[in-house]
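A closer look at the structure
For reference, the chains in residue letters:
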Amino acid sequence: MSERIHAHQLYQPMLYPKHRQQKNVDQSFQSVFHKELNNQITVSKHAQKRLQDRNITISETSWNKISEKMIEARQKGINDSLVIMKNVTLVVNAPNQTVITALDRNESTSQIFTNINGAIVIDE
């Protein structure tokens, strides 16, 4: 017995409605956006030592704000930036999401910072 197969039975493309395709594009953008926002900040050994030696603590909320601002700085083409907060001043590398050094805010008032091309001021 041989069954007869019609051409339309061999290949039937699966079509997706446009709204579903758009949803996939949106989800892809959203996943990239969240991945970008969730970039972890790296604190160099030098900066870690400075933070410890000076008993400087930075809250998780502040770290999140610093991370967001570093992403914005990177998008604006800023490489090395000065982050000025109420209690601490940081020198960061925005493209690498890395804290290079840290100073107590009072200590940084009489300093000259070189090799930076941007500043971030966070009122925390």
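Here is a short report on the structure shown in this document. Here the structure is a predicted model, which means the values were calculated and not measured. (Residues numbered from 1 in each chain as written. Predicted model: local features only at pLDDT ≥ 70, side-chain atom pairs only at ≥ 80, totals over all residues. Heavy atoms only, no water.)

Notes on the overall build of the protein
What counts, and what does not: By definition, any uninterrupted DSSP run of H or I lasting at least four residues is a helix, any uninterrupted run of E lasting at least two residues is a strand, and each is numbered from the N terminus. Only protein chains enter the accessibility calculation, which uses a 1.4 Å probe. A residue is then buried if its area is under 20% of the maximum for its type, exposed if over 50%, and partly exposed in between. Note on contacts: a residue pair is in contact if any heavy atoms of the two residues lie within 4.5 Å. Note that accessible areas follow from Shrake-Rupley with a 1.4 Å probe, and for residues the cover is restricted to the protein chains shown.
When you go through the protein residue by residue, the secondary structure sums to four helices and five strands. Sequence-ordered secondary structure for the protein, helices as α and strands as β, is α-α-β-α-α-β-β-β-β. For the protein, with 124 residues in total, the buried portion stands at 27%. Partitioning the contacts of the protein with sequence separation of at least 6, the portion at a separation of at least 24 is 59%. A total of about 9500 Å² of accessible surface is found on the protein, and carbon and sulfur atoms cover 49% of it.

As for the pattern of salt bridges
The cut-off we apply is this: The rule for a salt bridge is simple: a side-chain nitrogen of Lys or Arg has to be within 4 Å of a carboxyl oxygen of Asp or Glu.
Here the structure, examined in full by the defined rule, presents three salt bridges. Across the pair Lys 49 and Asp 53 runs a salt bridge, and its minimum N-O distance is 3.0 Å. Remark: Asp 53 and Lys 49 occur in helix H3 (residues 45–53); sequence separation between them is four residues, near one turn of the helix. The salt bridge partner of Arg 54 is Glu 107, with a shortest N-O separation of 2.7 Å. Here Arg 54, found in the loop between H3 and helix H4 (60–75), pairs with Glu 107, found in the loop between strand S4 (98–104) and strand S5 (119–121); they are 53 residues apart in sequence, far enough to count as distant. Judged by relative accessible area, which is 27%, Arg 54 ranks as partly exposed. In this structure Glu 107 comes out as partly exposed when scored by relative accessible area, which is 28%.

Digging into the environment of Thr 98
Basically, it comes down to this: Here a polar contact means two N or O atoms within 3.5 Å. Within protein one must be a hydrogen donor candidate and the other an acceptor candidate, and residues neighboring in sequence count only if both atoms are side-chain atoms.
Within the fold, Thr 98 resides in strand S4. A sequence separation of 31 residues divides Thr 98 from Ser 67, and the C-alpha atoms of the two residues are 9.5 Å apart. When neighbours within four sequence positions are excluded, Thr 98 is seen to be in contact with Thr 42, Ser 44, Met 70, Val 91, Val 92 and Asn 93. At 3.0 Å, the side chain of Thr 98 forms a polar contact with the backbone oxygen of Asn 96.

A look at the side chain of Thr 89
Mapped onto the secondary structure, Thr 89 falls in strand S3 (residues 88–93). Relative accessible area serves as the criterion here: at 1%, Thr 89 is assigned to the buried category. A polar side-chain atom of Thr 89 sits 2.8 Å from a polar atom in the side chain of Ser 108. Beyond its immediate sequence surroundings of up to four residues, Thr 89 is in contact with Leu 82, Val 83, Ile 84, Thr 101, Ala 102, Leu 103, Arg 105, Ser 108 and Phe 113.

Examining the side chain of Ser 62
With respect to the element layout, Ser 62 can be found in helix H4. At 3.1 Å, the side chain of Ser 62 and the side chain of Ser 59 are in polar contact. In terms of polar contacts, Ser 62 uses its side chain to reach the side chain of Glu 124, at 2.8 Å.

Remarks on unusual backbone geometry
Positioned with a positive phi, Gln 97 is a non-glycine residue whose angle comes to about 55°. Among the secondary structure elements, Gln 97 is positioned in the loop between S3 and S4. Look at Gln 97 and you get buried, because its relative accessible area is 3%. The residue Asn 115 is not glycine, and still its phi comes out positive at about 60°. If you trace the backbone, Asn 115 turns up in the loop between S4 and S5. Residue classification places Asn 115 among the exposed positions, given a relative accessible area of 69%.

Nothing here speaks to function; it is all geometry.
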